[in-house]
Protein chains: 2
Amino acid sequence: MLSFLENVPLFKGLPADQLGRIAGIGVSRVYRRGETVFSDGEAADGFYVPMRGRIKIFKLSPEGKEQVLHIMGFQEPFGEAAVFSGGRFPAHAQALEESLLIFFPAPAFVDLTRHDPTLAMNMLALLSRRLKQFAGLVEQLSLKEVPGRLASYLIYVSDRAHGAALIELDISKTLLANVLGTIPETVSRVLGKMATEGIIEVEGRRIRLIERKKLEELSQGASFYDEGGGAR
Amino acid sequence: MLSFLENVPLFKGLPADQLGRIAGIGVSRVYRRGETVFSDGEAADGFYVPMRGRIKIFKLSPEGKEQVLHIMGFQEPFGEAAVFSGGRFPAHAQALEESLLIFFPAPAFVDLTRHDPTLAMNMLALLSRRLKQFAGLVEQLSLKEVPGRLASYLIYVSDRAHGAALIELDISKTLLANVLGTIPETVSRVLGKMATEGIIEVEGRRIRLIERKKLEELSQGASFYDEGGGAR
DNA sequence: CGGGTACTTGACAATGGTCAAGTGTGGTGG
DNA sequence: CCACCACACTTGACCATTGTCAAGTACCCG
C-alpha cells in the first residue's frame, strides 16, 4: 500500500514517516460492480482513495433521475469534504466496476492533517480544485444545451488522449447521459444528428471527431472536468 | 478591522497575535454598486471577506445569460478556492450594492495558513461546506423543475427568518431568476401560478407562505444553500 | 420630471423529456 | 456450450416545460 500512497497527488511531498502513519490508518476494501460505497445523507466516517476501479458520485431525485457529479478513478480521493465539514456525505457513491479502495477514518486522518502543514495544504489544493470543477459543472448544466455539453465532453475525452481524433468512450451512453444531465434517448439523438451533419462518426463507443472546430464552437470554450473559465 | 476579523467564522479560535498578523496583511477596499470585483479566468491574487454589502458570484454564457453560484454577504469569504489551487478565479464577482471588502493577498495568506493548523482546519471546513453547497446547487438545477427550485428558495428564506410565514425577498426577482437558473418571465409566471393556487400570496417582494406543506412537497426536501441531502 | 430598469402578461417556438416498441449483446446459470 | 434474461441502445410519436419576443405598466433614482 505504501508504494501506492506515495504516488497519490494528495500525499505528494510527505516524508516517509508521515506516509507510514497514513498507511497505518488506511484500510483496504473491495467493492463489487454496482455496490454502494456510501449514500447521500449518511453519516461520514472517513473518505476513500481508489487503487483500482472507478466510483460514480451522484445525486438522486425522488423520481429516480440521477445526476453524476464525478467519476473517480485511480488516485482520486472522494468523500473528503464530509470529513472536514463534519457530518454527512452530500451524495451517493457506487462502484462502476470491481474496485479496490483505501478507506481513511475521519478522526485519525483529521488528526494527521492538523499536525502536518504539507498534508493540510495538499488537501486545501484538492478541495479548491474540486470547487472549480463544480463551478464548471454548474456552467455546463445551466448555461449550455445538450449538444454543447456533449461537444464539451467529446473534446474533454479527446484532450485526455492527447488530442486524438478517434476516441473511445470509457462509460456507457446511459451513464454519459447522467453525466450530461440528460437521458439516453437524447444522447442517442444528438449523436445521430452530429453524425448526419458530418461533425463526427459514431460506431458503438468509438467516435471519430471529424470537425473539431464545429465541436469547439458548440462547446463554447468551456471544457468539462477542468476549471472552465479562462479569459473570454 | 480586528474586532471584525475576530468574529469571522473562518478566523474563529485563533489567538490574538495570529489575528493581528491576519489583520496586518488585510486591505480594505470599497466597491460601488455594480462594480466588478474580479472576472472569470482572471489571475487570482487573493481573496475577499465582506464587512458590508453583498457580492454576486456568477458564471456568464457567451450569450450573456448568467447563473449565480452564490451571494456572499457579511463575514462570508469568497475567492478562496483560487488562492489554494493556484491560478485563476473560476467565476465573476460583482458588488450588488456599495460594499466594503477586506482583501487578503494570496502569498501572505497561504504563508499564514501553512504555519497555523487552526487556520488551515478552518479553511478546510469552509471549502468543504462550500463543496456541499455546490452539490446541492447541482441537484437543484439538474433534478428539479423551476417550481421546485422556487419553493426551495422560499423555504430557505423563511427558515433563515426562523420559519416566518411572511418573508421579504432581499434580492430582485430578476436576480432570483439567475439564482434559480431561469429567467424573470418564468419566475413571474410560477409565482403567479402558486398565488392562484392559494399556496402563497405575493405583494412585490413580500411573500406570505400560506401552504408550507405544498411548498415542501414541491421542493422535495432539498433546500438551497445548505447541504441538501439528508437521509431520504 | 425623465429615463432606465423591474416586473408582468401574452403569443409562440423549441428544447428535451416521456412513453412505447424493437434490436442487439454480454453474462450467467443450467 | 447454449439459452435466456437483463440491460444498453435506438427510433418514433407526442407533449410539457420553459425560453424568446414583444408590449405595456409601474417604479425608483437622479
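Residues numbered from 1 in each chain as written. Chains lettered and ligands numbered in written order. Predicted model: local features only at pLDDT ≥ 70, side-chain atom pairs only at ≥ 80, totals over all residues. Heavy atoms only, no water.

**What about the overall build of chain A?**
We apply this condition: Secondary structure elements follow DSSP: runs of H or I of four or more residues count as helices, runs of E of two or more count as strands, with numbering from the N terminus. Buried, partly exposed and exposed residues are distinguished by accessible area as a fraction of the type maximum, computed with a 1.4 Å probe on protein chains only: under 20%, between the cut-offs, and over 50%, respectively. Any two residues having at least one pair of non-hydrogen atoms within 4.5 Å are treated as being in contact. Using a 1.4 Å probe, accessible areas were evaluated by the Shrake-Rupley method; residue-level cover was limited to the displayed protein chains. Positive residues here are Lys and Arg, negative ones are Asp and Glu, while His and the chain termini are left out of the count. Note on charges: their place is set at NZ of Lys, CZ of Arg, CG of Asp or CD of Glu.
Each helix and strand counted, chain A has nine helices and ten strands in total. Across its three principal directions, the C-alpha atoms of chain A cover 60 × 40 × 30 Å. Relative to its full complement of 232 residues, chain A shows a buried share of 57%. Nonlocal contacts in chain A, meaning residues at least 24 apart in sequence, comprise 73% of its contacts between residues at least 6 apart. By element, 51% of the accessible surface of chain A is carried by carbon and sulfur atoms, the whole surface being about 9,700 Å². Taken as two groups, the 28 positive and 28 negative side-chain charges of chain A have centres that lie 1 Å from each other.

**Considering the protein's contact with DNA strand C**
The criterion, for reference: Being near a molecule or strand, for a residue, comes down to having at least one heavy atom within 4 Å of it. Under the rule applied, a polar contact is a pair of N or O atoms within 3.5 Å (in protein, one hydrogen donor and one hydrogen acceptor; residues adjacent in sequence only if both atoms are side-chain atoms). Three categories are distinguished: nonpolar for Ala, Val, Leu, Ile, Met, Phe, Trp, Tyr, Cys and Pro, charged for Asp, Glu, Lys and Arg, and polar for the others, with Gly belonging to the last.
Taken together, 15 residues are adjacent to DNA strand C, and A:Val146, A:Thr182, A:Ile183, B:Thr174 and B:Ser188 come closest. Within 4 Å of the protein, the contacting atoms of DNA strand C are drawn from sugar and phosphate to the extent of 64%. With respect to DNA strand C, the side chain of A:Arg189 contributes an N or O atom lying 3.0 Å from a base oxygen. For the surface near DNA strand C, the elements supplying multiple residues, two or more each, are α6 (146–160) and α8 (184–196) of chain A together with α7 (173–180) and α8 (184–196) of chain B. For the surface near DNA strand C, the residue count by class is three nonpolar, six polar and six charged.

**Quick word on the protein's contact with DNA strand D**
The local shell around DNA strand D holds 15 residues, among which A:Thr174, A:Ser188, A:Arg189, B:Thr182 and B:Ile183 are the closest. Near the protein, within 4 Å, the atoms of DNA strand D are sugar or phosphate in 64% of cases. Contact distances for DNA strand D include 2.7 Å between a phosphate oxygen and a backbone N or O atom of A:Thr174. At 3.1 Å from a phosphate oxygen of DNA strand D is found a side-chain nitrogen or oxygen belonging to B:Thr186. Sorting the residues of the surface near DNA strand D by element identifies α7 (173–180) and α8 of chain A together with α6 (146–160) and α8 of chain B as the ones contributing at least two each.

**Concerning the interface of chain A and chain B**
Defined as follows: Here the quantity called buried area is the total loss of accessible area, with a 1.4 Å probe, experienced by two parts when brought into contact, counted for both. Every case where a carboxyl oxygen of Asp or Glu lies within 4 Å of a side-chain nitrogen of Lys or Arg is listed as a salt bridge.
Between chain A and chain B, the contact holds 51 residues from the first and 51 residues from the second. Carbon and sulfur atoms make up 70% of the surface buried where chain A meets chain B, a total of about 4,000 Å² over both sides. If you sort the residues of chain A by the area they bury against chain B, A:Leu131, A:Lys132 and A:Leu143 come out on top, with a joint share of 16%. The interface formed by chain A and chain B contains two salt bridges. When the shortest N-O distance is used, the salt bridge between B:Lys59 and A:Glu139 registers 3.3 Å. Linking chain A with chain B are 14 residue pairs in polar contact (both at pLDDT 80 or more). Secondary-structure elements contributing two or more residues to the side of chain A that touches chain B are β4 (55–60), β5 (66–72), α3 (80–84), α4 (106–114) and α5 (117–143) of chain A.

**A few points about unusual backbone geometry**
At A:His162, a position not held by glycine, the phi torsion is positive, near 60°. Mapped onto the secondary structure, A:His162 falls in the loop between α6 and β8 (166–168). The phi dihedral of B:Gln75 falls on the positive side, at around 70°, and the residue is not glycine. Tracing the backbone through its elements, the reader meets B:Gln75 in the loop between β5 (66–72) and α3 (80–84). Accessibility expressed as a relative area gives 17% for B:Gln75, which makes it buried.

**Focus on the relation of the copies chain A and chain B**
Quick note on the threshold: For this overlay, a least-squares fit was computed on C-alpha atoms, restricted to residues scoring pLDDT of at least 70 in both copies.
You can overlay chain A on chain B at an RMSD of 0.1 Å; the transform is a turn of 180° with a shift of 0.0 Å along its axis. Both copies are brought into coincidence by an operation consistent with a two-fold rotation axis. A shared interface surface links the copies, since 100% of the contact residues of chain A are contact residues in chain B too.

**Digging into the pairing of strand β6 (residues 92–95) of chain B**
Side chains on a regular strand alternate between the two faces of the sheet. Formally: What makes two strands pair is DSSP finding at least two bridges between them.
Looking at chain direction, strand β2 (residues 36–38) of chain B and β6(B) are connected through two bridges and run antiparallel. The residue of β6(B) that forms the bridge with B:Thr36 is B:Gln94.

**Thoughts on the pattern of salt bridges**
Residue and element names in this part refer to chain A. If you walk through the whole model with that rule in mind, you get 26 salt bridges over all chains. For aspartate 17, the salt bridge goes to arginine 21, with nearest N and O atoms at 3.4 Å. Of this pair, aspartate 17 and arginine 21 both sit in helix α2 (residues 16–25), four residues apart, which is roughly one turn of the helix. Here aspartate 17 falls in the partly exposed class, since its relative accessible area comes to 48%.

**Focus: the packing of α5(A) against helix α4 (residues 106–114) of chain B**
For clarity, the cut-off: Axis lines are fitted through C-alpha atoms, for helices just across the contact stretch, and the angle between N-to-C directions can take any value from 0 to 180 degrees. In these notes the angle categories are as follows: under 35 degrees is roughly parallel, over 145 is roughly antiparallel, 65 to 115 is roughly perpendicular, and the rest is oblique.
The contact between α5(A) and α4(B) brings their axes to 9 Å, and the two run at 130°. The angle between the axes of α5(A) and α4(B) places the two elements in the oblique class. On α4(B), the residues touching A:Pro117, A:Met121 and A:Leu124 of α5(A) are B:Val110, B:Thr113 and B:Arg114. Split by residue class, the contact of α5(A) with α4(B) holds four nonpolar, one polar and one charged.

**Considerations on α7(A)**
All names here are of chain A. Where burial is concerned, most of α7 is hidden: six out of the eight residues are buried. Taken residue by residue, α7 has Leu175, Leu176, Ala177, Asn178, Val179 and Leu180 as its buried positions. As for α7, its buried residues are in contact with β4, β5, α5, α6 and α8. Glycine 181 sits one or two positions beyond α7 and adopts a positive phi of about 75°.

**Here's the deal with the domain arrangement of chain A**
Put simply, an interface is often sized by how much accessible area is lost when its parts join up. Residue and element names in this part refer to chain A. The test is simple: The split of the chain into domains comes from an automatic or database domain assignment.
Taken domain by domain, chain A holds domain 1 (2–137) and domain 2 (144–219). Counting the surface lost from both domain 1 and domain 2, the interface buries some 630 Å², and carbon and sulfur atoms represent 55% of this. For the side of domain 1 that touches domain 2, the element with the highest residue contribution is β5, accounting for four residues. Residues that form the side of domain 1 that touches domain 2 fall into these classes: three nonpolar, one polar and four charged.

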